[in-house]
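Geometric and topological summary
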Amino acid sequence: MIAIGINVADGASKTIRGVIRGLSSDDAADLNQVGGRSAVLYAARYHREFDQAGGWRGRRYLGPSQGQGSTFGADIARGWQFTSSSPNEAVISNDASHYAFKVRGGTITPKRAKALTIPLIPEARGLYASVYSQNTGRRLFTIRGKNALFERVQGSTTGSRGRRGRPGTTTIRTSNIRAVYALVKSVTHEPWVGAVPPETELVDAFFQGWRGAFAQLIKGS
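Residues numbered from 1 in each chain as written. Predicted model: local features only at pLDDT ≥ 70, side-chain atom pairs only at ≥ 80, totals over all residues. Heavy atoms only, no water.

With that out of the way, let us pick up unusual backbone geometry. Positive phi, normally seen in glycine, also occurs at H98, with a value near 70 degrees. Accessibility expressed as a relative area gives 61% for H98, which makes it exposed. (Buried < 20%, exposed > 50% of the residue type's maximum accessible area, 1.4 Å probe, protein only.)

Taken together, three strands build an open sheet; the order of strands is β1-β3-β2 and the sheet is antiparallel. Each end of this open sheet is capped by a strand with a single partner; those strands are β1 (2–7) and β2 (80–85). Mean inter-strand twist for the sheet, computed between neighbouring axes without regard to direction, equals 25 degrees. Inspection of the sheet shows β2 paired to strand β3 (residues 89–94) by five bridges, in the antiparallel sense. The residue bridging Q81 from the neighbouring strand is S93, located in β3. Contacts between helix α2 (residues 25–52) and the sheet are confined to β1, β2 and β3, with β2 contributing the most and set at about 165 degrees to the helix. (Pairing = 2+ DSSP bridges. Helix = DSSP H or I, 4+ residues; strand = E, 2+ residues; numbered from the N terminus. Axes fitted to C-alpha atoms, helices over the stretch in contact; angles between N-to-C directions. Contact = heavy atoms within 4.5 Å.)

Below, the discussion takes up the environment of L23. Locating L23 in the fold gives a position in the loop between α1 (14–21) and α2. Distance in space between the C-alpha atoms of L23 and P87 is 8.8 Å, their sequence separation being 64 residues. If near-sequence neighbours (up to four positions away) are discounted, L23 is found in contact with A28, L31, W210, F214 and L217.

All told, the structure shown has eleven aromatic pairs when counted by the stated rule. Through pairs of rings, three or more aromatic residues link up here, namely Y42, Y46, F50, W56, F72 and W192. Between the NZ or CZ atom of K102 and the centre of the ring of W192, over which it lies, the distance is 3.9 Å. (Phe/Tyr/Trp six-rings, centres within 6.5 Å; stacked < 30°, edge-to-face > 60°. Lys NZ or Arg CZ within 6 Å of the ring centre and 35° of its normal.)

The next subject is α2. For α2, with 28 residues, the first-to-last C-alpha span of 41 Å sits near the 40 Å given by 1.5 Å per residue. Looking at the residues trailing α2, positive phi occurs at G54, about 85 degrees. (Expected span 1.5 Å × (residues − 1).)

A separate point is the nonpolar core. Y99 and L202 are the most contacted members of the largest nonpolar core, which has 31 residues in total. Aside from chain neighbours lying at most four places away, what touches Y99 is I2, H47, W56, I76, W80, N94, A195, V196 and P197. By size, the runner-up hydrophobic cluster in this structure holds eight residues, among which are I121, Y132, L149 and Y181. (Core = buried A, V, L, I, M, F, W, Y, C linked by side-chain atoms within 4.5 Å.)

Moving on, we come to the side chain of H47. Among the structural elements, H47 can be located in helix α2. Within polar-contact distance, the side chain of H47 engages the side chain of W80 at 2.9 Å. Among residues more than four places away in sequence, those in contact with H47 are W56, I76, A77, W80, Y99, G194, A195 and P197. (Polar contact = N/O pair within 3.5 Å; in protein donor to acceptor, adjacent residues only side chain to side chain.)

Now the structure itself:
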C-alpha cells in the first residue's frame, strides 16, 4: 500500500494558517477530510489520464494500444481512497496490486519456480505459463542454450507435389517454433516515472476541497 499524508499547512497562505489555528479540532479534522476526498478524486483522474496516454507502457508492453487504457491502470485509478484525517493532515492511500512496486521500484525474484517467465507474445500477457498452455492446448518446451519457453505453431500452405512445374493444389501442413516466454533469474525496476501524482497538484486539489468546505462552515456559523 502507498499512503500519502497531506499536511494542512502545505501550500497554505499566512492568512489561511491563521484561520486554521482558530478552528476547533473537530472542525479542522472535518475540513481536512473534505480536502482529502478532493485529493482522492484528483489522484484517480490523474491516473486515468496517465493510463490512457500510455503512461504504464514499457519497452515490453503487450497490452492495448495507447488511448485504450489497461486493466492495471484502471485498478490503480480505482485504488485511491480516503484513509483518515486529523486537525493537522489528511491521509489518502492506494492498495492496488503492484502499485507500491511501481512507486518504489525493486527486484523481483521467483519464489517457487527456478525462473521468472516474461511474456513475449500478446496472447501470453497476464497468464502463467501453465495457464497459457492449458488455454491453447500447446505444449511449452525449452531448447538447450536458450533461456525461453517455446511452442510449435501449426499452419498450412498450398504447394505442388509430383511432376515439377505443376501448379500447387495440395495442402501441406507446416510447423514453426516461436518463443512464448523469456526465462530470467530476476527483474530489477527503477521507480516508475509519473507513478505518483505531482505533489503540487495534489495539494492544490486538497485545498480546493478544503476552501469550499470552509466557505460552507462560515455560512453556517
